[in-house]
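# A structural walkthrough
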Amino acid sequence: MKTAILFCLALLVPALAQSQPAIRAANGVVNASSELPDVARGSWFVIFGTGLGPASISIQSGLPYPAVLSGTSVTFTPASGGTPVNALMYYTLATQVAGMLPSSTP
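Attention in this report is confined to the structure presented alongside it.

Rules and cut-offs
- Residues numbered from 1 in each chain as written.
- Predicted model: local features only at pLDDT ≥ 70, side-chain atom pairs only at ≥ 80, totals over all residues.
- Heavy atoms only, no water.
- Helix = DSSP H or I, 4+ residues; strand = E, 2+ residues; numbered from the N terminus.
- Buried < 20%, exposed > 50% of the residue type's maximum accessible area, 1.4 Å probe, protein only.
- Contact = heavy atoms within 4.5 Å.
- Areas by Shrake-Rupley, 256 points an atom, 1.4 Å probe, with all protein chains shown as cover.
- Patch = residues over 30% accessible without salt bridge, like charges linked within 9 Å, V, L, I, M, F, W, Y side chains within 5 Å.
- Salt bridge = Lys/Arg side-chain N within 4 Å of Asp/Glu carboxyl O.
- Phe/Tyr/Trp six-rings, centres within 6.5 Å; stacked < 30°, edge-to-face > 60°.

### Things to note about the overall build of the chain
Across its full length, the chain carries zero helices and 11 strands. Taking all 106 residues of the chain together, 38% fall into the buried category. Look at the contacts in the chain between residues 6 or more apart in sequence, and 59% of them connect residues 24 or more apart. About 5800 Å² of surface is accessible on the chain, with carbon and sulfur atoms providing 59% of the total.

Given below as structure tokens:
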């Protein structure tokens, strides 16, 4: 079941980031495989913007994927007011963040 990105997205970034985080307005959050703005539970996503993470890329080399990577984390809050869910981080840098939306997301 696909979940449209119409829920609130809270993005926490490292305290050392030099600019305020900003998610790109058009297709700022997309499915990593299709590049469509629908992110299904258990799928990988990419966020595009500025000030999202460190200047140099930080990549999680393998399992387990953490909820925080180089001080960057992504939290999805369902529009229905459900419990916020932390994404599992794959990589982070100033202009992009990638992670997995857990299958436990309501």
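### A few points about a nonpolar patch on the surface
Together, Trp44, Ile57, Ile59 and Tyr90 make up an exposed nonpolar region whose accessible area comes to about 370 Å². Its place among the elements puts isoleucine 59 in strand E7 (residues 58-59). Classification of isoleucine 59 as partly exposed rests on a relative accessible area of 49%.

### Re unusual backbone geometry
Note that the residue after leucine 63, namely proline 64, is joined by a cis bond; omega there is -5 degrees. Here proline 64 shows up in the loop between E7 and strand E8 (73-77). Phi is positive for glutamate 35, close to 60 degrees, though the residue is something other than glycine. Its place among the elements puts glutamate 35 in the loop between strand E4 (29-31) and strand E5 (38-40). For glutamate 35, a relative accessible area of 60% gives the class exposed. Phi at serine 70 takes a positive value of approximately 50 degrees, unusual for a residue other than glycine. Topologically, serine 70 is positioned in the loop between E7 and E8. According to the relative accessible area criterion, serine 70 is partly exposed, its value standing at 38%.

### Things to note about the packing of aromatic side chains
Under the criterion given, the structure shown has five aromatic pairs. Judged by centre distance (5.3 Å) and plane angle (85 degrees), the rings of tryptophan 44 and tyrosine 65 are edge-to-face. A residue pair is termed long-range when its members are at least 10 positions apart, and tryptophan 44 in strand E6 (residues 44-50) and tyrosine 65 in the loop between E7 and E8 qualify at 21 residues. Its relative accessible area of 23% is what places tyrosine 65 among the partly exposed residues. For the pair phenylalanine 45 and phenylalanine 76, a centre-to-centre distance of 5.1 Å together with 85 degrees between the ring planes defines the contact as edge-to-face. Of this pair, phenylalanine 45 sits in strand E6 while phenylalanine 76 sits in strand E8, placing them 31 residues apart in sequence. Taking the relative accessible area as the measure of exposure, phenylalanine 76 reaches 1% and is therefore buried. One aromatic cluster is present, built from ring pairs that chain together Trp44, Tyr65, Tyr90 and Tyr91.

The values are spatial; any link to function lies outside them.
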